[in-house]
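Descriptive analysis of the structure
As a plain string of letters, each chain reads:
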Amino acid sequence: MSRIRLLLVCFFLSIVSIFSFAQVTEEKADHVPISNTTNNIKTVSTDSIKYYNPTIQSYKYWTEDNTKQIFDTVLTIDKYYRNKMYNHKDSFGIMPFSNIGHTFNPLLYTTKINSAIDLIPIGKSFNLIEADEVRYFDVQTPMTEFQYNNGYKQGHSLSSLFTHNINSRINYSVQYRGLRSEGKYLEQLASNNTLLFTVNYHTKNQKYNLWSHYITANVDDEENGGIQFPKNFEDGDSKFKDRDRMEVNLTGAQSKYGRRRFYVGQQLGIINSGQNRYPLSIKNIFTAESSHYSYEEFKALNTFFADREGIFEVDNLKGHYNTKKLRKITNLSTVVYDWTDRLHVEAGLKYEHLEFNFDRIVDSSITFPKNLKDNRLGIAGKLTFNWKKEIVLKSQGEVMSGDEFKNSYYIDNHLIVSPIKDYYIEANLGIKSQMPSLNLLYNQSFYKSMNYFVENPENERTVQAGGELHLKPYNTRIFTHFYNIKNYTYLDSDNLPKQSSSSVDLVQVGIKNTFQYKKFHLETHLAYQNVTSNKQLLPLPDFIGRATVYYQSKAFKNNAEFQLGLNAYYFTKFQSRIFLPVTNEFRLQSKSENYNIGEYPVLDLFLHFKVKRMLIILEGQHFNSSFSGYKFYSSPLNPYTDFRLNVGILWYIFT
């Protein structure tokens, strides 16, 4: 069914692209399609007809909190890091599971400074598009962005984006991301899809602006609980080289996460200072979002997590499921003041309605409220100050008050100081008090031991402080981060949520450097981290490193460009948390478990080349798997992938 849906969407985008191309071709003979970008258009005149040839400057995009930027089609190593993964994000600091579409094991601690209340299992969080990541467009002619990665056993990952300016003031886009990969191990099918619509509009004098999107996403995975006999894998027995011969811990298990979001932002200028600038305006952002997570075992009775006595309705497989849902409605209204490009101030009121519920009550011995509702009210604001780009201050925060989900707040500050050209320091201080993930706090399950409802949980309070030193002439960035986490929330070895009575503290220091000699390049990214208190609650590797050596040159009479290189990824050995499919979270190991992962290099050979505006990756992932020993794990019981040929394509089509 998902393949049929993918074909229909691609067919629709093709038809729209052809129609739009025909429409714009006619318009080119009469007038300039976009008045705002005519300076970037080359004009060729004949006796009666003018033809306009858009340049790359005519194709721009932006996200809600960032300025417009052009589509970057330059061949860089950062594009290799992003486009080799199915979610098109750099995977430094995380370890992917063996099948594309599945989760990643976090290796380098990070956190977002906000006060959002969400129901997002960590295992489903890596392939989602958040509201601040949605792109809006302004394009001179219709444009298509095509991204592809191959999967396992005829599996594929595809992202197709089409965007078009109806006129100089209104643009729309349609994007579909689909993934289906069977994996090499049993019970490992991944099936993800996302459909995104955007529209943005502004009046001719820029007095009124509107930007909106609707997104629907589903992240569905078969869950196998890892391999049953790790020794069969680690011994390298030839009869288990075909990985679907290895027995796994779960049969017929599946986890599903879905999310829908409608978002609309509007801004209306009040005072016109001339040249279509409105220093004083009002702004409103409305969001309606619903999400759900479910886990089911309909096809077979599994006794990996519990024996028969530990399962409700043990002989009724139709009852082996659990679902939880969250619905959010948010409205933020602010007054905005802009003084040229130097000062931006935004402040206003925020309202949020929350509803959390289970689809049913399984364990009647625990007092579960079937529904939790809250109406929260607070204030929010932003501040940006820019003094000749030598001193830049960015700050934002909010305070929210509620009954059921308590009070929360955050403030996030970034200060950039550039005392000397090409040298600058970026300091940051973030503080937040936030309700832990609802997926951790509340759970209903047909497994008796996994039913819990944490009453009156404490907010997690996090302080993040750090900075980065950028040395542009040396292509070097040095960073350090400090974290203090109070009431740290985690799953213990019994799969139950706990909150630490004392704080968890950690420090991170790292460097990112690019060295070049003629056409040879060395890109290194190193990070050291140490959990200085309560290390047993947050096990992480002490060191993570990535080094990429490659040769970059033009080819075919400068009509193409390529990178040929070797990528190495490594992290030190540590007692990693174990992935728990029932909640799609990671839990601590028990005293009887002693699984260590790491201290193993993952080597990839790659050819990354560009022809016009098409970038192609041919990569031999983990080519050392057959001769470096079978100790490569993404997490305990879940081996990383064997050697595979990864094919990736990124193609910009400007019509």
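For clarity, every value in this text was computed on a predicted model and none was experimentally measured.

To continue, consider the overall build of the protein chain. Helix and strand counts for the protein chain come out as four helices and 37 strands. Its C-alpha atoms give the protein chain a radius of gyration of 26 Å, near enough to 26 Å, the size a compact globule of 655 residues would have. Expressed along its principal axes, the backbone C-alpha trace of the protein chain runs to roughly 85 × 60 × 55 Å. Among the 655 residues that make up the protein chain, the fraction classed as buried is 53%.

Quick look at the pattern of salt bridges now. One pass over the structure, following the stated rule, counts 31 salt bridges. Asp221 is paired through a salt bridge with Lys124; the nearest N and O atoms lie 2.6 Å apart. One end of the pair, Asp221, is in strand S12 (residues 208-223); the other, Lys124, is in the loop between strand S6 (104-106) and strand S7 (136-139), and 97 residues separate them in sequence. Each member of the pair, Asp221 together with Lys124, is buried.

Turning to its location among the elements, Ser418 is positioned in strand S19 (residues 408-420). Residue classification places Ser418 among the buried residues on the basis of a relative accessible area of 19%. A polar atom in the side chain of Ser418 sits 3.1 Å from the backbone oxygen of Tyr423. Excluding its chain neighbours within four sequence positions, the residues that come into contact with Ser418 are Lys389, Glu390, Tyr423 and Tyr424.

What follows deals with the sheet that holds S7. Taking strand neighbours across the sheet as the criterion, the three strands line up as S4-S3-S7 in an open arrangement whose pairing is antiparallel. Every other strand in the sheet has two partners, leaving strand S4 (69-70) and S7 as the edge strands with one partner each. Pairing of strand S3 (residues 59-62) with S4 involves two bridges; the strand directions are antiparallel. Bridge pairing links Lys60 to Ile70 in S4.

Here strand S14 (residues 280-297) pairs with strand S15 (residues 321-339) via 17 bridges, running antiparallel. Along S15, the bridge assignment pairs Tyr295 with Asn322. Where S15 meets strand S16 (residues 343-358), 16 bridges bridge the pair, whose relative direction is antiparallel. Bridge assignment links Lys325 to a residue of S16, and that residue is Asn357.

The next thing to look at is the nonpolar core. In terms of nonpolar packing, the biggest core is built from 22 residues, with Met95, Leu107, Phe233, Ile544, Tyr569 and Phe571 touching the most fellow members. Contacts of Phe233, omitting those with residues within four sequence positions, involve Tyr185, Ile227, Arg243, Met246, Tyr630, Phe632, Tyr633 and Pro639. Counting residues in hydrophobic clusters, the runner-up holds 21 residues, among them Ile120, Tyr295, Leu440 and Leu580.

One pass over the structure, following the stated rule, counts 36 aromatic pairs. Here the aromatic rings of Tyr80 and Phe606 are separated by 4.0 Å at their centres, their planes lie at 20°, and the arrangement is stacked. Highlighted residues: Tyr80 in helix H2 (residues 77-83) and Phe606 in strand S33 (residues 602-611), separated in sequence by 526 residues. The residues Tyr80 and Phe606 share a single accessibility class, namely buried. Cluster of aromatic residues (ring-pair linked, three or more members): Tyr59, Tyr61, Phe71, Phe137, Tyr652 and Phe654. Between Arg360 and the ring centre of Tyr321, over which it is positioned, the NZ or CZ distance is 4.0 Å. Positioned above the aromatic ring of Tyr81 is the side chain of Arg546, whose terminal nitrogen or guanidinium carbon lies 3.6 Å from the ring centre.

The next point concerns unusual backbone geometry. Most peptide bonds take the trans form, and the phi angle of most residues other than glycine is negative. The phi torsion at Asp422 lies on the positive side, around 75°, for a residue other than glycine. If you check the backbone angles, Asn495 has positive phi at about 70° while not being a glycine. Of note, Asn495 is situated in the loop between strand S25 (489-491) and strand S26 (497-499).

All right, on to the environment of Gly397 then. Its place among the elements puts Gly397 in strand S18 (residues 391-401). Judged by relative accessible area, Gly397 falls into the buried class, the value being 15%. In this structure, Gly397 is in contact with Ile379, Ala380, Gly381, Tyr410 and Ile411, ignoring residues within four places of it in sequence.

Taken together, the 11 bridges between strand S23 (residues 460-471) and strand S24 (residues 476-486) define a ladder with antiparallel strand orientation. Bridge pairing in S24 links His470 to Arg477. Here 10 bridges tie S24 to strand S27 (residues 504-517), and the two strands are oriented antiparallel to one another. Looking at the pairing, His481 lines up with Gln508 of S27.

A separate point is a nonpolar patch on the surface. Among the surface-exposed residues, Phe515, Tyr517, Phe520, Leu522, Val549, Leu566 and Leu605 lie close enough to one another that they form a single nonpolar patch of about 650 Å² accessible area. At the level of secondary structure, the elements contributing two or more residues to the nonpolar patch comprise S27 and strand S28 (520-533). With respect to the helices and strands, Phe520 occurs in strand S28.

This part covers the side chain of Glu619. Mapped onto the secondary structure, Glu619 falls in strand S34 (residues 614-621). The exposure class of Glu619 is buried, given its relative accessible area of 0%. Side chain to side chain, Glu619 and Gln621 meet in a polar contact 3.0 Å long. With residues up to four places along the chain from it excluded, the contact list for Glu619 reads Tyr80, Lys84, Asp604, Leu605, Phe606, Arg644, Leu645 and Asn646.

What follows covers the environment of Asp505. The topology assignment puts Asp505 in strand S27. The spacing of Asp505 and Ser533 is 28 residues in sequence and 5.3 Å in space, taken between C-alpha atoms. When neighbours within four sequence positions are excluded, Asp505 is seen to be in contact with Tyr483, Asn484, Asn530, Val531, Thr532 and Ser533. Here Ser503 takes part through its side chain, which lies 3.4 Å from a polar atom of the side chain of Asp505. Among the polar contacts listed, one links the side chain of Asp505 to the side chain of Ser533, at a separation of 2.9 Å.

Its location among the elements puts Asn413 in strand S19. Setting aside residues up to four positions removed in sequence, Asn413 forms contacts with Lys394, Ser395, Ala427, Asn428 and Leu429. There is a polar contact of 2.5 Å between the side chain of Asn413 and the side chain of Ser395.

As a note on interpretation, predicted positions should not be read in detail where pLDDT is low. On average, residues of the protein chain carry a pLDDT of 91, and 92% of them reach 70 or more. Counting contacts from residues 1-41, a segment whose pLDDT is below 50, to residues more than four positions away or on other chains yields 59 contacts.

Each value, and the rule that gives it
- Residues numbered from 1 in each chain as written.
- Predicted model: local features only at pLDDT ≥ 70, side-chain atom pairs only at ≥ 80, totals over all residues.
- Heavy atoms only, no water.
- Helix = DSSP H or I, 4+ residues; strand = E, 2+ residues; numbered from the N terminus.
- Rg over C-alpha atoms; globule rule 2.2 N^0.38 Å.
- Buried < 20%, exposed > 50% of the residue type's maximum accessible area, 1.4 Å probe, protein only.
- Salt bridge = Lys/Arg side-chain N within 4 Å of Asp/Glu carboxyl O.
- Polar contact = N/O pair within 3.5 Å; in protein donor to acceptor, adjacent residues only side chain to side chain.
- Contact = heavy atoms within 4.5 Å.
- Pairing = 2+ DSSP bridges.
- Core = buried A, V, L, I, M, F, W, Y, C linked by side-chain atoms within 4.5 Å.
- Phe/Tyr/Trp six-rings, centres within 6.5 Å; stacked < 30°, edge-to-face > 60°.
- Lys NZ or Arg CZ within 6 Å of the ring centre and 35° of its normal.
- Patch = residues over 30% accessible without salt bridge, like charges linked within 9 Å, V, L, I, M, F, W, Y side chains within 5 Å.
- Areas by Shrake-Rupley, 256 points an atom, 1.4 Å probe, with all protein chains shown as cover.
- pLDDT = per-residue confidence, 0-100.

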